[in-house]
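Remarks on the overall topology
What follows is the residue order along each chain.
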Amino acid sequence: MLDLGIAGRKAIVCAASKGLGRACALALGGAGVELVITARGREALEETAAEIRRLTGAKVIAAAGDITTEEGRKRALEACPEPDILVNNAGGPPPGDFRDWSLEDWQKAVNANMLSPIMMIRASVDGMCARRFGRIVNITSASVKSPIPHLGMSNGARAGLTGFVAGLARQVARHNVTINNLLPGPFLTDRLKSSALYQAQRSGRSFEEELALRAKEVPAGRVGDPDELGAACAFLCAASSGFIVGQNLLLDGGAFNATMG
Ligand code: NAP
């Protein structure tokens with residue numbers, strides 16, 4: 001296996017009992033990183049922690065809590081006060097029509113997908129700079145580049161995070177601290193399954209037909225495997241990735257049609 005040069009480093013991986021967060025934690029654990037993983041549901045989180053320990057031999061602490069609250073962030077940071085690696089992630093906002101969304105709905109989305117990652121960065125980035133090593137990866141969405149009509153709150157809130165970190169990434173890079181974003185297209189997780197179900201209820205197609213449609217829209221002819229995103233996350237966190245700064249890496253099987261990113 002490729003040596004990423006990060007064995008013994010400490011990471012907080014947010015929202016990591018399932019799906020993309022779990023895959024990032026697993027890949028980092030495989031690279032010898034000590035992990036603190038978070039999620040709201042304690043039982044699933046403990047199970048995932050045990051599974052990652054079993055599969056990788058990594059040290060894993062489960063810090064249950066809602067990462068979109070101060071209390072949840074405090075718990076994660078108490079379990080790992082000096083992270084070398086921070087993977088920001090949380091649940092995505094619900095789909096729908098923007099006419100139905102109240103100010104409170106928007107505030108929740110902006111809190112979860114823009115402000116919570118910024119608060120985690122705020123709590124950890126100065127220590128990373130002082131120690132001259134830091135890797136911050138935000139899981140955003142392909143919707144930052146190519147808006148998804150029924151996911152307006154995701155399009156908006158994540159674009160806000162992307163704009164903010166584009167600036168900050170250039171301010172901290174000289175300290176060997178990088179901030180980059182992973183932009184997933186369709187990956188086969190619970191989130192994708194519930195989004196396909198939502199579409200199926202509206203389109204009259206079956207759930208399976210909706211999933212097949214997702215795959216058909218992707219030049220790779222399939223949806224993504226979460227472990228593929230985990231591998232990309234570990235790569236961005238590698239010791240040798242210090243020159244990759246402020247990038248938005250699309251993982252979408254070629255769905256975004258452009259000559260250049
Ligand atoms: P998922 O399979 O539903 O997993 C979400 C994970 O996050 C679970 O472990 C969940 O555990 C945890 N979580 C959710 N809200 C949390 C919170 N407030 N605090 C702490 N943990 C929380 O979702 P996923 O597909 O991996 O998606 C992860 C992110 O990527 C989402 O923001 C999603 O919108 C985005 N995304 C996904 C895709 C895709 O195709 N899968 C594409 C584009 C963007 P608990 O519920 O127990 O907290």
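Presented here is an overview of the structure given in this document. (Residues numbered from 1 in each chain as written. Predicted model: local features only at pLDDT ≥ 70, side-chain atom pairs only at ≥ 80, totals over all residues. Heavy atoms only, no water.)

**As for the site of the ligand**
Going by this rule: One heavy atom within 4 Å of a molecule or strand makes the whole residue count as near it. Nitrogen and oxygen atoms within 3.5 Å of one another constitute a polar contact, given that in protein one can donate a hydrogen and the other can accept it, and given that sequence-neighbouring residues count only through two side-chain atoms. Strands are runs of DSSP state E lasting at least 2 residues, helices are runs of H or I lasting at least 4, and numbering of each runs from the N terminus. All amino acids are sorted into three groups, where Ala, Val, Leu, Ile, Met, Phe, Trp, Tyr, Cys and Pro are nonpolar, Asp, Glu, Lys and Arg are charged, and the leftover types, Gly among them, are polar.
Neighbouring the ligand are 27 residues; S17, L20, A90, F187 and T189 lie closest to it. Taking S17, its side chain carries an N or O atom lying 2.6 Å from an oxygen atom of the ligand. Take K18: an N or O atom from its main chain is 2.9 Å from an oxygen atom of the ligand. Only α1 (19-30) and α6 (190-203) provide two or more residues apiece to the shell around the ligand. Split by residue class, the shell around the ligand holds nine nonpolar, 12 polar and six charged.

**Examining helix α2 (residues 42-56)**
The condition is simple: To estimate how far a helix should extend, the number of its residues minus one is multiplied by 1.5 Å. Buried residues are those whose accessible area, probed at 1.4 Å on protein chains only, stays under 20% of the maximum for their type, while exposed residues exceed 50% and partly exposed ones sit between those limits. As used here, the arc belongs to the directions running from the helix axis to the C-beta atoms. Any two residues whose heavy atoms approach within 4.5 Å are treated as being in contact.
In a regular helix each residue adds 1.5 Å, so 15 residues correspond to 21 Å; α2 covers 21 Å between its end C-alpha atoms and thus fits that length. Of all the positions in α2, only L45, T48, A49 and I52 are classed as buried. Take α2 and look down its axis: the buried residues cluster within an arc of 105°, on one side only. Exposed positions of α2 whose direction lies more than 90 degrees from the buried face are E43, E47 and R54. Where the residues of α2 are buried, they touch α1, β2 (34-39) and β3 (60-64). Trailing α2 by a residue or two, G57 shows a phi angle of about 80°, which is positive.

**Digging into the packing of aromatic side chains**
Stated formally: Whether two aromatic rings pair depends on their centres lying within 6.5 Å, for rings of Phe, Tyr and Trp, where Trp uses its six-membered ring; planes under 30 degrees apart make the pair stacked, over 60 edge-to-face, and the rest tilted. In our convention, an over-ring charge means Lys NZ or Arg CZ found within 6 Å of a ring centre and within 35 degrees of that ring's normal.
Scanning the model with the defined rule gives one aromatic pair in all. Measuring from centroid to centroid gives 5.9 Å for W101 and W106, while their planes differ by 80°, and the two rings are edge-to-face. For W106, a relative accessible area of 29% corresponds to the partly exposed category. Taking NZ or CZ as reference, R9 lies 3.8 Å from the ring centre of F133, over its face.

**Focus: the packing of α1 against α2**
Definition in use: Angular values range over 0 to 180 degrees, each being the angle between N-to-C directions of two axes fitted as lines to C-alpha atoms, with helices fitted over their stretch in contact. By the definition adopted for this analysis, an angle is roughly parallel if under 35 degrees, roughly antiparallel if over 145, roughly perpendicular if from 65 to 115, and oblique otherwise. Take the far helix as your reference; a near helix turned counterclockwise from it by less than a right angle gives a left-handed crossing, and one turned clockwise gives a right-handed crossing.
Here α1 crosses α2 at 30°, and the two axes come no closer than 9 Å. Comparing the axis directions of α1 and α2 gives the class roughly parallel. You can see that α1 and α2 cross each other, and the crossing is right-handed. Judged by residue contacts, R22, A25, L26, G29 and G30 of α1 engage T48, E51, I52, L55 and T56 from α2. Residues that form the contact of α1 with α2 fall into these classes: four nonpolar, four polar and two charged.

**A look at the pairing of β2**
Short version of the rule: When DSSP finds two or more bridges between two strands, those strands count as paired. Orient the strands so they point away from the viewer; a crossover is then right-handed if the path from the first strand over the helix to the second runs clockwise.
Within β2, five of the six residues are buried, which leaves it mostly tucked inside the rest of the structure. Here strand β1 (residues 10-13) pairs with β2 via four bridges, running parallel. What sits directly across from I12, in β2, is V36. Note on the crossover from β2 through α2 to β3: the handedness is right-handed.

**As for the pattern of salt bridges**
The cut-off we apply is this: Only one rule defines a salt bridge in this text: a Lys or Arg side-chain nitrogen within 4 Å of an Asp or Glu carboxyl oxygen.
For the structure shown, the criterion picks out 11 salt bridges. As a salt-bridge pair, K10 and E34 come within 4.0 Å of each other at their nearest N and O atoms. Of this pair, K10 sits in strand β1 while E34 sits in strand β2, and the two are 24 residues apart along the sequence. The exposure class assigned to K10 is partly exposed, which follows from its relative accessible area of 37%.

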